[in-house]
Each structure stands twice: as C-alpha cells, then as structure tokens.
Amino acid sequence: MTTPAPQPLRLVEEFVNTHHVHPHRDDDDLEGLHTPDELKSWLVERELVGADEPVHAADLTYAIETREALRRLLLTNGGAQPDEQAVETVNRAATRGQLTLRFDVDGGSGLKPIARGVDGAIGTILAVAFAAMAEGSWSRLKVCPEETCRVAFFDHSKNRSRRWCSMEVCGNRTKVRSYRQRQLETAAE
Ligand SMILES: [Zn+2]
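Values in this document were obtained by computation on a predicted structure and should not be read as measured data.

Of the regular secondary structure elements, the protein chain holds six helices and four strands. Over its C-alpha atoms, taken along the principal directions, the protein chain stretches across nearly 65 × 35 × 30 Å. Counting all 189 residues of the protein chain, 29% fall into the buried class. Counted over contacts in the protein chain with a minimum sequence separation of 6, partners at least 24 positions apart contribute 52%.

Right under this line is the structure:
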C-alpha cells in the first residue's frame, strides 16, 4: 500500500485513480465513473460541484478524456516521453474551466475557475496541478509504468527515484516481461 499524496495534490491522484487496472486484483472492471451520476457523487463529495448542478453524459466523456490526459502527464513524470496530445487536452480543459487568477482576503491567491458545473470542477483539479508544479511537488506524482497497472502514486522517496507503485508486484512484472522478451528475441535470431 502506498502513502497518498499530500493535500491538495491528493485530489489529482484520486481523480486519476477513479480508474486503474490493478495487478493485485483479477477483477478487470475498475472504472469508478460508469455513469454521469457516479461522476456527480464523486464531485459533490469533494465539493467540486453543487448538489443542484446537473451532470450530463457529455460531461462524463469530457471528465474521462481529461483524466486520461492527466494520467499521461503523470507517466511523463516517471520518465516517459512527453505527450503533446495530452498537453493539448489539458490546455483545452483549462480554457473550458476559464481559470483566472483570484486574490482572497486571507492574503493568498490562486487560479480559480469561472465556469460552473463539471467544466469548473475539472478546472479546479487543473488548478491544483498548476499549484503543485509551482511549488515543486508535481514531479513526485507519477503513474506506474507497468502496462497492467497505471495507478497514480506519490513518490515520497528522498531522491524521487521511485518508478513503480510496488517494486514487488509491478517492478517484478516489468522485469519478467522484458526478460521473456529478450529470450524470444535471442531465440528468433
Ligand atoms: Zn503498479
């Protein structure tokens, strides 16, 4: 079990982990957002939309598309090649959320969405990512590179060198697979 990301970055981690393929379980349906209602309860629970705000099928498609783009950005944090399309997708989402710099009476400031509903909620999630990038913790939030996993996890290690969610499970899986691959290649020669 991995220790979750500190707040508020945990919001991004939890959002990405509303779906992952988990190597510790056989159940392969681990989508947490099947319906607009499921998306709505997830967002209402985190006070990202009001209980009276409607969530439609198109919002669900949009949320999942943004979630998967964020997953690809987090893969890059773990060392994967930058993904231009994923960057475009989150840029479009930032525009849709109408993220704007707001100052508050407590002496702070931050990006806040002007858009309401799911567009605004996704905007808030992206604003959290922005703040983490500015503050330096973003690069610790990674996605496990093991293709049967892809879970988001926070790298608490001192030198930020952690690659897999679990060395025992995913690290070994990746190693066994590349070992077999090498054997196949040798056999083919
Ligand atoms: Zn993993």
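Text resumes after the structure shown.
With that out of the way, let us pick up unusual backbone geometry. Cis geometry marks the peptide bond from Gln-7 to Pro-8; its omega dihedral reads 0°. One non-glycine residue, Gln-98, lies in positive phi territory at about 50°. For Gln-98, a count of 14 C-beta atoms within 10 Å puts it in the partly exposed group. Even without being a glycine, Arg-150 presents a positive backbone phi close to 65°. Within the secondary structure, Arg-150 is located in the loop between strand S3 (141-143) and strand S4 (152-154). Residue Arg-150 is classed as buried on the basis of its C-beta count, with 23 C-beta atoms lying within 10 Å.

In contact at an axis separation of 8 Å, helix H4 (residues 84-97) and helix H5 (residues 117-135) are set at 120° when each is read in the N-to-C sense. For the element pair H4 / H5, the angle class is oblique. Crossing of H4 against H5: the hand is left-handed. Listed contacts from H5 to Val-90, Ala-93, Ala-94, Arg-96 and Gly-97 of H4 are Asp-119, Gly-120, Ile-122, Gly-123 and Leu-126. Grouping the amino acids of the contact of H4 with H5 by side-chain chemistry returns five nonpolar, three polar and two charged.

The sheet contact formed by strand S1 (residues 99-103) and strand S2 (residues 109-113) spans five bridges and is antiparallel. Counted as the bridge partner of Leu-101 is Leu-111 from S2. From the end of S1 to the start of S2, which pair antiparallel, there are five residues, and Gly-107 there has a positive phi angle of about 90°.

Take H5 next. The first and last C-alpha atoms of H5 sit 27 Å apart over 19 residues, in line with the 27 Å expected at 1.5 Å per residue. Looking one or two residues beyond H5, the residue adopting positive phi is Gly-136, at roughly 105°.

Among the structural elements, Lys-142 can be located in strand S3. Among the residues examined, Lys-142 registers 24 C-beta atoms within 10 Å and is labelled buried. Residues Lys-142 and Thr-76, spaced 66 residues apart in sequence, show a C-alpha to C-alpha distance of 7.8 Å. With near-sequence residues (within four places) excluded, Lys-142 lies in contact with Leu-74, Asn-77, Gly-78, Phe-153 and Asp-155.

Parameters at a glance
- Residues numbered from 1 in each chain as written.
- Predicted model: local features only at pLDDT ≥ 70, side-chain atom pairs only at ≥ 80, totals over all residues.
- Helix = DSSP H or I, 4+ residues; strand = E, 2+ residues; numbered from the N terminus.
- Buried ≥ 20, exposed ≤ 12 C-beta atoms within 10 Å, placed from the backbone.
- Contact = placed C-beta atoms within 7 Å.
- Axes fitted to C-alpha atoms, helices over the stretch in contact; angles between N-to-C directions.
- Parallel < 35°, antiparallel > 145°, perpendicular 65-115°, else oblique.
- Left-handed = near helix turned anticlockwise from the far one by under 90°.
- Nonpolar A, V, L, I, M, F, W, Y, C, P; charged D, E, K, R; others polar.
- Pairing = 2+ DSSP bridges.
- Expected span 1.5 Å × (residues − 1).

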